[in-house]
Amino acid sequence: MSETVTKKKWMLFFPKCDSEKPIIYHLVKDHNLVVSVFRAKVTPEEEGYLVLDVTGTEADIQRGMDFVRTFDVTINDTGKGVNRDTNRCTHCGHCVAHCPTGALYIANRATREVGYNEADCIECLACIRVCGYAACASTF
Amino acid sequence: MKTYQQINDRISSGKAVVLTADEIMDYVDEKGVEAAAQEVDVVTTATFGPMCSSGCFLNFGHSKPKIRMSEAWVEDVLVYTGVAAVDIYLGATETRHGDPCNMYYPGEFRYGGGHVIEDLVAGKTLQLFALSYGTDCYPLREMRTYFTIHDLNQAIMVNPRNCYQNYNVAINDSEKPIYTYMGTLEAKRKNANYCSAGQLSPLLNDPYYETIGVGTKVWLAGAQGHVYAEGTQHAGGGPRTPGGVPMGGAGTLALTGDMKRMRPEFVRGVSFRGYGISVGLGVGVPIPILNEEILRRTCVRDRDILAPVVDYSNEYPQNTGKVICHVSYEQLRSGEIEVEGEKVIVGSLSSYYKALEVANLLADEIRRGDFHLAEPIAPLPKDTVMKPLVAREKP
């Protein structure tokens, strides 16, 4: 494992039973991870979702992931809080002007095809609000 | 000089030379207008975007016993029954029964007429609920049933206004976000939206309506339809650039086509947050290259087409007609325009990507000999202007 600091995007799914445990606290304190939460929906007595960036060495990130997995919590490390349905997208580009990070962008100047770089998405949900064709949707 | 007949003969023989309006400029730059006009038979133009003034006539056939529908809903969307017993008109912008609309502002408008039209073309099973006052010849008072487009006798799209020649660029001068048919506009000119295929758009490639007129055959969402009249609000008489390109809305087309032959990817329900429902349509129009002048006009480029920037927080709703400035489609497509010295981020409601797809599909159909051109039976007026609605005292 390298000492290089990297950043990973996680989406955690909390089943009803574990939604009140202080997992983020332990990620920071015990595993030296810098945590940036984009979006959370964790309601007591209900299942919850949390989308976050974790920054740290690969070893710390791996340990943090192993720690999270000791609970009944599902980690999706490909970041799927916002989904774009390429069949519903018409590539009009309305979303591009509202996307603050450029995750949605004009991928081809000649054809005006709209591209989506999931890694740059901070899940502000602006695309969901402005898309007239419901091409963007939230997992939760 | 070529005639429609000569071009159609070449299409029949599979020898027609067809280019899209996106390809023709470079082709003409390389070959020269004279040689290119000899060689090229057709230039295909296209657009894809929300086109509110759209809808369809449906005929359900007769039930046993018969009903003369006096009120009806398809998927809880109200349709117009004042036509005949089982003929209805379904409008693209109609909201669904029970939708709170803008009561909880801004409303979401998740489903309405445009979505019913999309579902119909996609072959989905839909609910019809109809009521009647009952007559001696049509005794049934109520009907609830389920149908697909294949069960209907006719499903004919009839769109009073499509393919605006040019359009406004919408901006918001106010201190709060606004929700319009031109999309969401952030406060203090933070973003601008436009809605045109620019250099690919049908009427921008034939600015004086020399080949596009009543009777012109068009590609309407995959079906072979035609222009049945000038579009509503058609106003060809407005200001133009020295090159002849209208600097505002100008011309429109009224289009019709058989929905049973349409492709669902080119008929798409649209929800405008805080505004309402529309339908996104793909339209292709072939331009016959009858002479050099017609070819020269199809070579229009985004940099030659100017669109008016209009404030949608006050000037548009109050119908003042004020235009802040004009910007070119080349500037709009760069993603940023300058309005009174300030940079503004630009988004689009019209899809150039899908318009290109339409232009290429139409070009392929013509090359295969599956799509012939029709000569207009009447021209579109060039000199009309738009009249306002005047609130008058009772005479």
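Structure first, text after, so check above.
Described in the following lines is the structure provided in the data block. Please read all numbers here as calculations on a predicted model, not as lab measurements.

## A look at the overall build of chain B
Inference 1: Helices and strands together make up the secondary structure of chain B, namely 7 helices and 22 strands.
Inference 2: Relative to the globule expectation of 21 Å for 395 residues, the C-alpha radius of gyration of chain B, 22 Å, shows essentially globular dimensions.
Inference 3: The dimensions of chain B, computed from C-alpha atoms along their principal axes, are 70 × 60 × 45 Å.
Inference 4: The buried share of chain B, taken over its 395 residues, is 49%.
Inference 5: Put simply, of all contacts in chain B between residues at least 6 apart along the chain, 73% involve residues at least 24 apart.

## With respect to the sheet that holds strand β1 (residues 5-14) of chain A
Residue and element names in this part refer to chain A.
Inference 1: Spatially, β2-β3-β1-β4 is the arrangement adopted by the 4 strands of the open sheet, whose pairing is antiparallel. In the strand order of this sheet, the two ends are held by β2 (34-42) and β4 (74-76), each with one partner. Neighbour to neighbour, the strand axes of the sheet diverge by 25 degrees on average, direction disregarded.
Inference 2: Inspection of the sheet shows β2 paired to strand β3 (residues 48-57) by 8 bridges, in the antiparallel sense. Residue pairing across strands places Val35 opposite Val54, the latter belonging to β3.

## Considering the interface of chain B and chain A
Inference 1: The partner chain A presents 17 residues to the 24 residues of chain B that form the contact.
Inference 2: Going through the elements one at a time, β2 (42-50), β12 (183-185), β13 (191-194), β17 (267-272), β22 (342-348) and α7 (352-367) of chain B are the ones with two or more residues in the side of chain B that touches chain A.
Inference 3: Within the side of chain B that touches chain A, the residues separate by chemical class into 10 nonpolar, 11 polar and 3 charged.

## Remarks on the environment of A:Val35
All names here are of chain A.
Inference 1: Position of Val35 relative to the elements: it lies in strand β2.
Inference 2: Sequence separation between Val35 and Ile24 is 11 residues; the distance between their C-alpha atoms is 7.7 Å.
Inference 3: Filtering out sequence-adjacent residues up to four positions away, Val35 remains in contact with Ile24, Leu27, Val28, Leu52 and Val54.

## Re the pairing of strand β19 (residues 306-311) of chain B
Residue and element names in this part refer to chain B.
Inference 1: Among the 6 residues in β19, 5 count as buried, and that is most of the element.
Inference 2: Pairing geometry for β19 and strand β20 (residues 325-328), over 4 bridges, is antiparallel. Its bridge partner being in β20, Leu306 is matched across the sheet by Ser328.

## So, the nonpolar core
Residue and element names in this part refer to chain B.
Inference 1: Counting 129 residues, the largest nonpolar core has Val169 and Val283 as its most contacted members.
Inference 2: Counting residues per element, this core draws most heavily on α7, at 9 residues.
Inference 3: Setting aside anything within four residues of it in sequence, one finds Val169 in contact with Ala192, Tyr194, Ala307, Pro308, Val309, Val310, Val327 and Leu332.

## Brief notes about the pairing of strand β8 (residues 142-147) of chain B
Residue and element names in this part refer to chain B.
Inference 1: Within β8, only 0 of the 6 residues are buried, which leaves the element largely exposed.
Inference 2: In the sheet, strand β7 (residues 126-131) pairs with β8 via 6 bridges, with the strands oriented antiparallel. Within β8, the position partnered with Leu131 by the bridge is Glu142.

Cut-offs applied
- Residues numbered from 1 in each chain as written.
- Chains lettered and ligands numbered in written order.
- Predicted model: local features only at pLDDT ≥ 70, side-chain atom pairs only at ≥ 80, totals over all residues.
- Helix = DSSP H or I, 4+ residues; strand = E, 2+ residues; numbered from the N terminus.
- Rg over C-alpha atoms; globule rule 2.2 N^0.38 Å.
- Buried ≥ 20, exposed ≤ 12 C-beta atoms within 10 Å, placed from the backbone.
- Contact = placed C-beta atoms within 7 Å.
- Pairing = 2+ DSSP bridges.
- Axes fitted to C-alpha atoms, helices over the stretch in contact; angles between N-to-C directions.
- Nonpolar A, V, L, I, M, F, W, Y, C, P; charged D, E, K, R; others polar.
- Core = buried A, V, L, I, M, F, W, Y, C linked by C-beta atoms within 7 Å.

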